[in-house]
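# What the coordinates show
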Amino acid sequence: MSCNYADGLSPYEHKGVLGVPEKFESEEKLNEKCAILTDWIKNSKHVVVHTGAGISTSAGIPDFRGPNGVWTLEKQGKKPNINVSFNEAVPTKTHMALKHLIEKNHIHYIISQNIDGLHLKTGISRSNIAELHGNMFIEQCNTCESQFVRTSPTATVGKKCLEEDCKRAAVRGRVCRGKLHDTILDWEDSLPDNDLEMSDYHSSVADLNICLGTTLQIVPSGNLPLRGKKYGGKVVIVNLQPTKHDKKADLIINYYVDQVICNVMKRLSLEIPEYTLDIDPTRNQLPGAVLEWNISKSNIKQIQKEFERVSKEHKKRKSEENFIKSKKKAVKKFDIKVETLKNEGLIKNETENVELVMGFVDLTEEEDDIFTE
Ligand SMILES: [Zn+2]
């Protein structure tokens, strides 16, 4: 199938803001910002990267809302000029670097809106990636929901039947009578449960969410990077066009994603590995082999537990902060009253007349508790 898989989707009106002009940092600013990003990556405990079509344009796959994007051109009655098929496309420097950064424990999870299979082709583990909109190289059984890696892209999009039997028996022994379907979402389809659940937890516990090559216009995918903000996390956006959440970002880098990532890798003293066929599960399968691509329940439980810990810690911190705030307020009220009573000649020294002063101070129940503690 050609990379213009969009032709297979249903007609849809609300495609978001299209064709906004691209912006580019000066070289000096780019270096400055890449240094900050590197520093944040080094000093964060849980880093999650959100990827969009912008990271695959250097592989020859068009984006959607850029000046030459699929939807931008569609609006002008044109089609993108594509010279690569999903079969031929190989991971970019960014895809390869991200896989390496996971191995080096600098980043911990990738949440992708891309369906091109380029993350899969880097040999990434299923425990490190959620694919929210499907993958051309993954098929799924409609009965047992098992997913398998394909050696060629699916011929359909929109979760249609591929007229092939479920392959579960080859890996699990028990025969399943289900049929395999493609995993590419159409506009109105809901997101895959396990991928979404993993994404939700990972984005929330992340103290650094980095968005690469996405205008963050599609929901819920585009809102996930903001999840960590509630717990004190930072958001970084690397994109050529402005995005929906620029105002909420802690750092914005308007530049080519590949160049930003190369800059960061250099600062981390890491080499970007080359793509080779032997690391690619869509290419290195033996004839007749069946490779599963399922999110394990234990992975979900593990990150859910981490989320509960982070959320509990956040609540505790908030309540401590509130206590300090109330205490300051109560002390201020007390001091003001003391001054007034002194001026009126009713008391000389508040330490000898605490009870008396307290009788005059109008404290809330909570503030009263603070004083009596
Ligand atoms: Zn099945």
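A quick note: this is a predicted structure, and the numbers were derived from the prediction, not measured.

## Observations regarding the overall build of the protein chain
Counting secondary structure elements, the protein chain contains nine helices and 10 strands. The C-alpha atoms of the protein chain give 27 Å as radius of gyration, which overshoots the globular expectation for 373 residues (21 Å, by more than 25%). Counting only C-alpha atoms and orienting by the principal axes, one finds that the protein chain spans roughly 95 × 55 × 45 Å. Buried residues in the protein chain amount to 36% of all 373 residues. In the protein chain, the proportion of contacts linking residues at least 24 apart, taken out of those at least 6 apart, comes to 70%.

## Overview of the nonpolar core
Core analysis: the largest hydrophobic core is formed by 57 residues, its most contacted members being V49, V236, V238 and V260. With near-sequence residues (within four places) excluded, V49 lies in contact with L98, I107, I110, I210 and L212.

## Examining the sheet that holds strand 6 (residues 161-165)
The strand order across the open sheet formed by four strands is 5-4-7-6, and the pairing between neighbours is antiparallel. Of all strands in the sheet, those bounded by a partner on one side alone are strand 5 (147-149) and strand 6. Across the sheet, the mean angle from the axis of one strand to that of its neighbour is 35°, orientation sign disregarded.

## Quick notes on the sheet that holds strand 2 (residues 109-112)
Strands sit in the order 3-2-1-8-9-10 across an open sheet of six strands; the sheet is parallel. The two strands at the open ends of the sheet, each matched to only one other strand, are strand 3 (129-131) and strand 10 (251-253). Direction aside, the axes of adjacent strands within the sheet are offset by 15° on average. In this structure, strand 1 (residues 47-51) lies alongside strand 8 (residues 208-212), joined through five bridges in parallel fashion.

## As for the UniProt feature "coiled-coil region" (unreviewed entry) in the protein chain
Under the feature "coiled-coil region" (unreviewed entry), the UniProt entry names residues 300-344. Between the first and last C-alpha atoms of residues 300-344 the distance is 66 Å; the span itself is 98% helix and 0% strand.

## Side note on the UniProt feature "domain: Deacetylase sirtuin-type" (unreviewed entry) in the protein chain
Per the UniProt annotation, the sites labelled "domain: Deacetylase sirtuin-type" (unreviewed entry) are residues 27-271. The straight-line gap between the two end C-alpha atoms of residues 27-271 is 22 Å; of that span, 26% is helix and 17% is strand.

Basis of the calculations
- Residues numbered from 1 in each chain as written.
- Predicted model: local features only at pLDDT ≥ 70, side-chain atom pairs only at ≥ 80, totals over all residues.
- Helix = DSSP H or I, 4+ residues; strand = E, 2+ residues; numbered from the N terminus.
- Rg over C-alpha atoms; globule rule 2.2 N^0.38 Å.
- Buried ≥ 20, exposed ≤ 12 C-beta atoms within 10 Å, placed from the backbone.
- Contact = placed C-beta atoms within 7 Å.
- Core = buried A, V, L, I, M, F, W, Y, C linked by C-beta atoms within 7 Å.
- Pairing = 2+ DSSP bridges.
- Axes fitted to C-alpha atoms, helices over the stretch in contact; angles between N-to-C directions.
- UniProt positions renumbered as here; feature names shortened; annotations may be inferred.

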